[in-house]
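Coordinate inspection notes
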Amino acid sequence: LPLSHIIHCAASVKFNQSLEGAAVTNITSSLQLQQLAKKLKAKFVYMSTAFVHGGNIGSRNEPLPENLFSLGKYDAEDIYQSMMGSQSLASSALNDLRFPNTYTISKCVCEHLLLRDKESDTIIVRPCIVGPACSSPWEGWAGDSPSTLVAGACLFLKYPNTLWNFGPTNVPVIPVDIVSKFTLSVAFSISISNPSLRSGGALSTPAPKFIIDSGERVRKEEKRIFTAAWNPSSPRQTQFTWEEFGFANIQVGSLRGHHSRFGAQVIHLVETQLLWKLNISFQSFQFLHQIFTKIPYELLLSICRRISTKNARVLERMSSVVDLPLLFWPFTQSTFYFQSDLTAPAEFSGERYMTSCILAADLFLAQFSAKRRDVSRRCSNYLIGGRLHEQKTSDMWWALTQPSGNFFIRLIGFVLIKILRKVCNEVTVDLPSFSAHARTRSVDDSQAHIILVPTHRSLFDFLLVSYICFMVPELGIPIPFICAAEEFSSLPLLGWLARGAKAFFIKRGKGIDPELSRQVTHLKKGGPISFEVFMEGTRSRDRRFLKPKTGFFRCLRDTDGKHIILPLTINYERLPEQLTFKNETISCKRRGLLVGDLFHWLKNVFDGNVNLGRIHIAAAAPVPLTCDSNLQELTMQVQMAQQNNICVSEYHVEASATALQLPLSTVKEAMYDLGCKVWANGATPHSDDASLISPALLDSQAELLPIMFQWAHVLAPFLIDSHPKWAEWLNPCEATRISSSVQSKSNAICIVVKALTKLFDDADENSDRAIGMLARNGFVTPSRRHVLQYLNKDSECIILSSAAVAMKLPISTSSNDVVIADNDYVDFCEDDMRHRPAKPIFPGSRCAGSLVSEVDKSEESYGAWGYKDSGFVLNIDKRGRRIVSMKGDRYRISGKPLSRLVPFLEDEMNVTIDPLRTSLPSFVADPVIDHCEISDIGLEKLDRIVTGGTSTYSRDRCRHGSGQSQADIFSIRRGSLQDRRFPDVVVWPDNSSEVSHLVALAAAENWCLIPFGGGTNVSHATWCPPKEKEPRPIISVDMKRLCRVLWINKEDGLAHVEAGITGGELASQLEKFGVTMGHEPDSIEFSTLGGWIATKASGMKRSRYGNIEDIIKDVSVVGANGILGQESGGTGNDSTKIDKCNAFGRVSTGIDLRSLVLGSEGGLGIIVSAVIKILPLPECKEYESVILPSFQDGLHFMKDVATMRQFKPASVRLVDNAQFRLGQVLKGQEKGFISSVTYNMMKLVVSSIYNLKKDCAVSVSITFEGSNEEVHYQKSRINRFAVKNGGVITGPSVGQAGYDLTFAIAYLRDFAMSYFCLGESFETFVPWSKLDDLISCTKERVCLEHKKRCLPGEPLVSCRVTQIYDEGACIYFYYLMNYEGVEDPVGVYHEIEDCARDEILRQGGSLSHHHGVGKIRGKWMNTVNSDYANDLFKDIKQGIDPDNLFGARNGTFYGLE
């Protein structure tokens, strides 16, 4: 019989799986099977999950439908490609659409992709949580290993102290046998009855049909999605709650002897009563889980490993379920309602089924175990805080005895009253202004909800409003629910405290948010309450009034109930964040909310370094919000009411006069004429009480102007005619109307307005100058940040200049905005399925539709450095953090979450990295290049000679005509290869004989040959000369098949090796014989022996093993006319001599052939093999690391090490401060709370003792190899040099990590390239006497050239010392630039790199140390070689290769036509 159905149940149900892993296991495999089913003409049944609706849970009346869930602005195929590629778009969709984990989003995306294929007969079954069987094969059957509820019960029974967050929500579970029968029913369009069950089962006999009268519906062709879950009409007794599940675990656990009932009940009480009612966030629960579950488990496991192997094994088996409370979180917080054909029969007992789940877990566990001051003030101003405020009782007693407020409110009140006493002279409330609210509410409607709308100038505002309601309950305002930005919820500890203090969190800028409406409706069910909302949406730390937002008011208006808006004005003399405003405005970037910053500020508070002066809060007349309110007019009315309560103190007057450079009396008179409210009776700078001194004024105008903007909104009407944009900027309310007083302004007002307009004009001029300069440099549409970078920083109006830029370059709508349609679901048959059926993508593939089903771990990437299975990706986590990690498991850094890498790059380069804006495609298309010019006959001749294979495939040709420079990678990824020439064919000879025949054929056919090793060059050595220079067809000769070790002579310390072998493979083969070559360049994984010889390479362990010229003892080269051989014993014509298992250590027989071949860069012939020096594997191999106070100290340390001569350690590498800090970032964060605290404490102690500063410290990584005596001697000298130069030894693990990081860090360049950052390294040898000047001058030159071209952002220029000699050292420079908006990034980068190379040569550095010359540095060869030397090399080339058969034209032969 033909195959009729394919039911695809396989999936990876790992909620913490990576995005790529989830895509591979849950999407790629499903697309493959669908294609197979289509070929076999079989129906394809896909088992999905019921939790594919993002963050939606449905309701009893509107259950989650059996339709595709709308992905909003996201496209399913784009998400799929992102999961397999950069991952930034996918992680953004994961968060924006509120999917709880990668498993659910992968299932949702797969559904979309499967149903796009209209030719395939596909249906989808969506089970909810699948639990043990209720009858078949027997009750409680749960397979071979615990999963879902059974796994949770295992953890609960075994470790009752595990912290869960169980509440009265239903458990969305369905028995596995029900799911099986339901799947068969919908797949075969039949109705299946449940057979009789054994007595005592969850169902009694006879059993009814599970599918309730659904046969006709199943047969409808348009229905292709079926949910396998009990529908909302199922009887209550057929279900159970998480709280009941937890209590049942206690009962079973105590009866079965797993734990004591009392202890478990206490913990359960905490879980179900305390934690659930506290409504803690996931981040807070994650923190508690770490403290009370994960850390105790790890400690117990560690102890058991030492004392009890048996118990340790049991604990180790439980390791996979320890984090289940975190994974269960999304399913325990709400009751889910699903549209489904399944109705649980009344005979089904939810309680019994719950018990069977726990008993199944018990079975698995059994298997596992075989003062007051007299200061006058207005009597209406009620003092509620500050130095002048005194309590009759202690602060603690006051906080505990206030009539309202939960634990969190009382705690915050207690802390805040102490802080206010430290930072303020007084905090006052205008009581009469609040009385109008009380009257309005009592007369109109005592049941109205109160909307507190304060001005928003500081983070203090959040606390002050709640503090007032808590401090003064007589106001009659309930402590409000605070509408806060979502970013607060993710702050460790603070987010939990905020939630406890009645904060709820919203997504700003996301349009209509159904979740917000649900939250507000839920909160209002408890009766009249109050809300606190900041109408402007964000802080205005320059104190201007911003254009108000209407979103929250619209939400209130559209929900039930009456509302009264109470406008509040919070007046500050000095803002807590005032000092940071200037820097943040200039950079157009606000520093994210960090707990560390708060603790730093609190330290300054208690050290007495913070003085805010006075704070005053006043209310305006209440404004009703009705169902027919015009929200635009309403918000303007509220904002004008806020403005009317602005107060001006002497502090503001003095700051304004200083900023405008006007007499104090003139400013005071203008304020009086404008009707400003005077903030009188404050402390003065001349007060006798030092604690009441007003805040000090700063000299910078940039910090004085925001203080003036406290009241400058009243000047807006006088600017409407002359400066309309500035008028609106000062006051969005007043800009729309002209006050009658404008026509009769006083002389003082005229003077103030004139001074202010002069500042505005200067700001416009400064911004226009910067924009014009960028336009002249090719940046026609620069970003705001880019313009701010080139503003005149010496201008007195820098703050206003940045505002002028903002007016001229408004920010466009954020790409992060997600617009969800009114209907959250789309049907599979709608016409907008506009994409063709999706093609499966496999890990590491660079194009969709690849036929390779799995990654060859040894395969290299195309269009990127390194292996296909490795590379950095960027994800966005639930907290909105941008987390970088390296894929795969090849390197020590692999899998580490690097949350600080993106902020590091942003801070260093003054740029913004948007995860959703990648500058280059994730997947590289096959290159479009010129066709092969070798005839078919010529190709046939090649095929007969070369047994290793030939290729004219464009991708092979492109790879072999490129290297690994940033220009190569950028051009390949962008697809801009049209102007480049590439080899016509690539050949892979298998032995030296084939190479000889190939050379002979090329000479006969007039072809040009370019050897190719590992392709890791960054010098354009493998680039093909253009047609005008080389008209012949070009063949790339890939040597990788010549990869054999021909012989080893351990007695003489020699080995004969073919030249195509990679460094990694050579080291591995030699290690089998107990020997090593010791040559380890950074590219050892990919570069070849022949490439090392051709470029005259150097390795990291040069100090012990030498450079390549010290290691090569003999070399065999195929030249234009045969083998280039030299036998110092007198048999030079014998081409087989190299097969003799020996070579001379040194001879004096004339010019050495090796001297010609080393550094020849493919210009004299093809290197086919070499005899190399080998040494026994070192007896001892250790690592060490030293941290020194500064780069100068580091250079002195390196010079000291150089004095050790031949006794130097194998590798000593010094990195400057920028790379040191990057290294700290790449370490990732310590796992676990205790480890993190311990690490940071140790770092703080060490930094204090050794005077190590974060912005100055440098690091040295050291590798020791040799005998025990040698290593001991070297370590003692290193310790002595470290102490001498003020350094501290940090241990071998840090040293090894620094050494190993070398191999992974190369991947960072390509990661940065995806986000508009272009970088490369260049090296040089520098004598010790010129080292300091060369480094500083080169860095300065790069920065100067960067600025001269008006490039965006700051250049990241760093360096490291990698090899040291008696005479000097090798210096690596790294330069990273932002290329957003740059028309020709590669060209600009080369210009700046050329300038850097000019500076290096001018300062006494070499053209290259070990990268070679290639073509990229060829133009400087005339400065290296004299004309006579160039003529000599030209004659040598003519003698060896008269027809220029090897026409790569690199290095010495560059330009020698």
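Just so you know, these numbers come straight off a predicted model, no measurement behind them.

Examining the overall build of the protein chain
A count of helices and strands for the protein chain gives 50 helices and 39 strands. Looking at the protein chain as a whole, 57% of its 1457 residues qualify as buried. For the protein chain, the exposed surface amounts to about 61,200 Å²; the carbon and sulfur share of it is 54%.

Observations regarding the pairing of strand S25 (residues 1034-1038)
Judged by how many residues are buried, S25 sits mostly within the fold: 5 of 5 residues are covered. Pairing between strand S23 (residues 985-987) and S25: 3 bridges, direction parallel. Looking at the pairing, valine 986 lines up with serine 1036 of S25. Taken together, the 5 bridges between strand S24 (residues 1008-1012) and S25 define a ladder with parallel strand orientation. Among the inter-strand pairings, phenylalanine 1012 is bridged to a residue of S25, identified as aspartate 1038.

Thoughts on the packing of aromatic side chains
Inspection of the entire model under this criterion finds 43 aromatic pairs. Ring centres 5.7 Å apart and planes at 45° place the aromatic pair phenylalanine 348 and tyrosine 353 in the tilted group. The class for phenylalanine 348 is buried, based on a relative accessible area of 2%. Of the residues examined, tyrosine 353 reaches a relative accessible area of 1% and is grouped as buried. The cationic tip of arginine 457 hangs over the ring face of phenylalanine 545; the distance from NZ or CZ to the ring centre is 4.7 Å. Here lysine 1029 stacks its cationic end above the ring of tyrosine 1454, 5.6 Å away from the centre of that ring.

Things to note about a nonpolar patch on the surface
Residues Ile7, Leu184, Phe188 and Ile190 make up a contiguous nonpolar surface patch of about 310 Å² in total accessible area. Position of leucine 184 among the secondary structure elements: in helix H6 (residues 176-188).

Observations concerning the pattern of salt bridges
In total, this model carries 57 salt bridges according to the counting rule given. Put simply, arginine 116 and glutamate 77 hold a salt bridge, and the shortest N to O gap is 3.8 Å. Remark: glutamate 77 occurs in helix H2 (residues 76-84) and arginine 116 occurs in helix H4 (residues 102-116); sequence separation between them is 39 residues. Residue arginine 116 shares its accessibility class with glutamate 77, and that shared class is buried. Taken together, the salt bridges that share partners define one network made up of Arg1341, Glu1345, Lys1348, Arg1349, Glu1391, Glu1399 and Arg1402.

Section: the pairing of strand S39 (residues 1368-1378)
Of all 11 residues in S39, 10 are buried, a share of seventy percent or more. Relative to S39, strand S37 (residues 1317-1327) is paired through 11 bridges, and the arrangement is antiparallel. Of the residues in S39, the one forming a bridge with serine 1321 is tyrosine 1374. By the bridge criterion, 8 bridges tie strand S38 (residues 1356-1364) to S39 in an arrangement that is antiparallel. Its bridge partner lying in S39, cysteine 1359 is registered against phenylalanine 1373.

Some details on the packing of helix H26 (residues 664-674) against helix H29 (residues 747-776)
Between H26 and H29, whose axes approach to 8 Å, the crossing angle comes to 110°. As far as their axial angle goes, H29 and H26 are roughly perpendicular. Crossing of H26 over H29 shows left-handed handedness. When H26 is examined against H29, the residues Thr666, Val667, Glu669, Ala670, Asp673 and Leu674 are found in contact with a partner set consisting of Ala748, Ile749, Ile751 and Val752. Of the residues assigned to the contact of H26 with H29, the class counts are 7 nonpolar, 1 polar and 2 charged.

Quick notes on the side chain of threonine 49
You can see threonine 49 is positioned in the loop between strand S2 (43-47) and strand S3 (68-69). With relative accessibility at 5%, the residue threonine 49 sits in the buried group. For threonine 49, the residues in contact, after removing those within four places along its chain, are Tyr103, Lys107, Glu111, Val125, Arg126 and Pro127.

As for the sheet that holds strand S29 (residues 1112-1119)
Spatially, 5 strands are ordered S26-S27-S31-S29-S30 in an open sheet, and the strand pairing comes out antiparallel. In this open sheet, the two edge strands, each paired with only one partner strand, are strand S26 (1045-1049) and strand S30 (1122-1124). When the angles between neighbouring strand axes are averaged without regard to direction, this sheet yields 15°. In this structure, S26 lies alongside strand S27 (residues 1054-1058), joined through 4 bridges in antiparallel fashion. Paired with isoleucine 1048 across the bridge in S27 is alanine 1055.

Here's the deal with helix H3 (residues 88-96)
Counting buried residues in H3 gives 8 out of 9 residues, a clear majority hidden from the surface. Three or more residues of H3 are buried, namely Ser88, Ala90, Ser91, Ser92, Ala93, Leu94, Asn95 and Asp96. A positive phi of about 60° marks arginine 98, the residue just after H3.

Concerning the packing of H2 against H4
Interhelical geometry of H2 versus H4 gives an angle of 130° and a closest axis separation of 9 Å. When the axes of H2 and H4 are compared, the pair comes out oblique. The handedness of the crossing between H2 and H4 is left-handed. Taking contact as the criterion, the partners of Ala76, Glu77, Ile79, Tyr80 and Met83 in H2 are, on H4, Ile105, Ser106, Val109, His112, Leu113 and Arg116.

What about the sheet that holds S38?
The strand order across the open sheet built from 7 strands is S36-S33-S35-S34-S38-S39-S37, with neighbouring strands paired in antiparallel fashion. A strand with exactly one partner marks an edge of an open sheet, and here the two such strands are strand S36 (1288-1289) and S37. With respect to the sheet, helix H32 (residues 901-909) is in contact with S37, S38 and S39, its orientation differing from that of S39 by roughly 90°. Sheet strands touched by helix H42 (residues 1191-1202): strand S33 (1180-1188), strand S34 (1211-1215), strand S35 (1258-1266) and S38. Its angle to S34, the strand with the most contacts, is close to 165°.

Thoughts on the side chain of serine 1160
In this fold, serine 1160 is placed in the loop between helix H41 (1153-1157) and strand S31 (1166-1173). Those residues in contact with serine 1160, other than ones at most four positions away along the chain, are Ala1094 and Phe1453.

Focus: the confidence of the model for the protein chain
Overall, the predicted model of the protein chain reaches an average pLDDT of 84, with 85% of residues at or above 70. Long-range and interchain partners of residues 812-835, a stretch whose pLDDT sits below 50, account for 51 contacts in this model, where long-range means more than four residues apart. Segment residues 845-855 is flagged for pLDDT under 50; beyond a separation of four residues in sequence, or across chains, it makes 24 contacts in the model.

Examining unusual backbone geometry
Following serine 136, the chain continues into proline 137 via a peptide bond in cis, with omega recorded as 0°. Residue position: proline 137 is located in the loop between strand S5 (129-131) and helix H5 (148-158). With a phi angle near 45°, threonine 148 is a residue other than glycine that sits in the positive phi range. Within the element layout of this structure, threonine 148 appears in helix H5. Not every positive phi belongs to a glycine, and histidine 1020 is a case in point at roughly 65°. You can see histidine 1020 is positioned in the loop between S24 and S25. Taking the relative accessible area as the measure of exposure, histidine 1020 reaches 6% and is therefore buried.

Some words on the environment of arginine 784
Within the secondary structure, arginine 784 is located in helix H30 (residues 784-789). Spatially, the C-alpha atom of arginine 784 lies 9.6 Å from that of isoleucine 771, the residues being 13 residues apart in sequence. Here the side chain of arginine 784 touches leucine 809 through a polar contact of 3.3 Å, landing on its backbone oxygen.

Some words on the state of the cysteines
Overall, the coordinates contain 0 disulfides when judged by the stated rule. With no disulfide of its own, cysteine 483 has cysteine 555 as its nearest cysteine by sulfur position, at a separation of 8.5 Å. Free of any disulfide, cysteine 1024 has its nearest neighbouring cysteine sulfur in cysteine 1008, separated by 7.7 Å.

Criteria and thresholds
Note that residues are indexed from 1 along each chain, following the sequence as it is written. At least 70 in pLDDT is required for a residue's local features to be given in this predicted model, at least 80 for side-chain atom pairs to be given and counted, and no such filter applies to totals for whole chains, interfaces and linings, which use all residues. Remark: hydrogens and water are excluded; side-chain values derive from all non-hydrogen atoms of the structure. A run of DSSP states H or I qualifies as a helix once it reaches four residues; a run of E qualifies as a strand once it reaches two. Both are numbered from the N-terminal end. Only protein chains enter the calculation, and the probe is 1.4 Å; a residue is then buried if its accessible area is under 20% of its type maximum, exposed if over 50%, and partly exposed in between. In short, Shrake-Rupley with a 1.4 Å probe defines the accessible areas, and a residue's cover is counted only from the protein chains shown. Here the rule is simple: two strands pair whenever DSSP picks up at least two bridges between them. Each aromatic pair joins two rings of Phe, Tyr and Trp (for Trp, the six-membered one) with centres within 6.5 Å, and gets the label stacked for planes under 30 degrees apart, edge-to-face for over 60, and tilted for any other angle. As a reminder, the over-ring test applies to NZ of lysine and CZ of arginine, requiring each to be within 6 Å of the ring centre and within 35 degrees of the ring normal. Residues enter patches when their relative accessible area tops 30% and they take part in no salt bridge; the joining distance is 9 Å for like charges and 5 Å for the nonpolar side chains Val, Leu, Ile, Met, Phe, Trp and Tyr. The rule for a salt bridge is simple: a side-chain nitrogen of Lys or Arg has to be within 4 Å of a carboxyl oxygen of Asp or Glu. Axes here mean lines fitted to C-alpha atoms, for a helix over just the part in contact, with angles spanning 0 to 180 degrees between N-to-C directions. In what follows, roughly perpendicular refers to angles from 65 to 115 degrees, roughly parallel to angles under 35, roughly antiparallel to angles over 145, and oblique to any angle outside these ranges. By convention the crossing between two helices is left-handed if the near helix lies anticlockwise of the far one by an angle smaller than a right angle, and right-handed if it lies clockwise. Whether two residues are in contact is decided by their heavy atoms: any pair within 4.5 Å suffices. Each residue gets one label: Ala, Val, Leu, Ile, Met, Phe, Trp, Tyr, Cys and Pro are nonpolar, Asp, Glu, Lys and Arg are charged, and the others, such as Gly, are polar. You can read pLDDT as the predictor saying how much it trusts each residue, on a scale of 0 to 100. N or O atoms within 3.5 Å of each other form a polar contact, as long as, within protein, one can give a hydrogen and the other can take it, and as long as residues adjacent in sequence are counted only when both atoms are side-chain atoms. Note on disulfides: each one is a pair of cysteine sulfur atoms within 2.5 Å.

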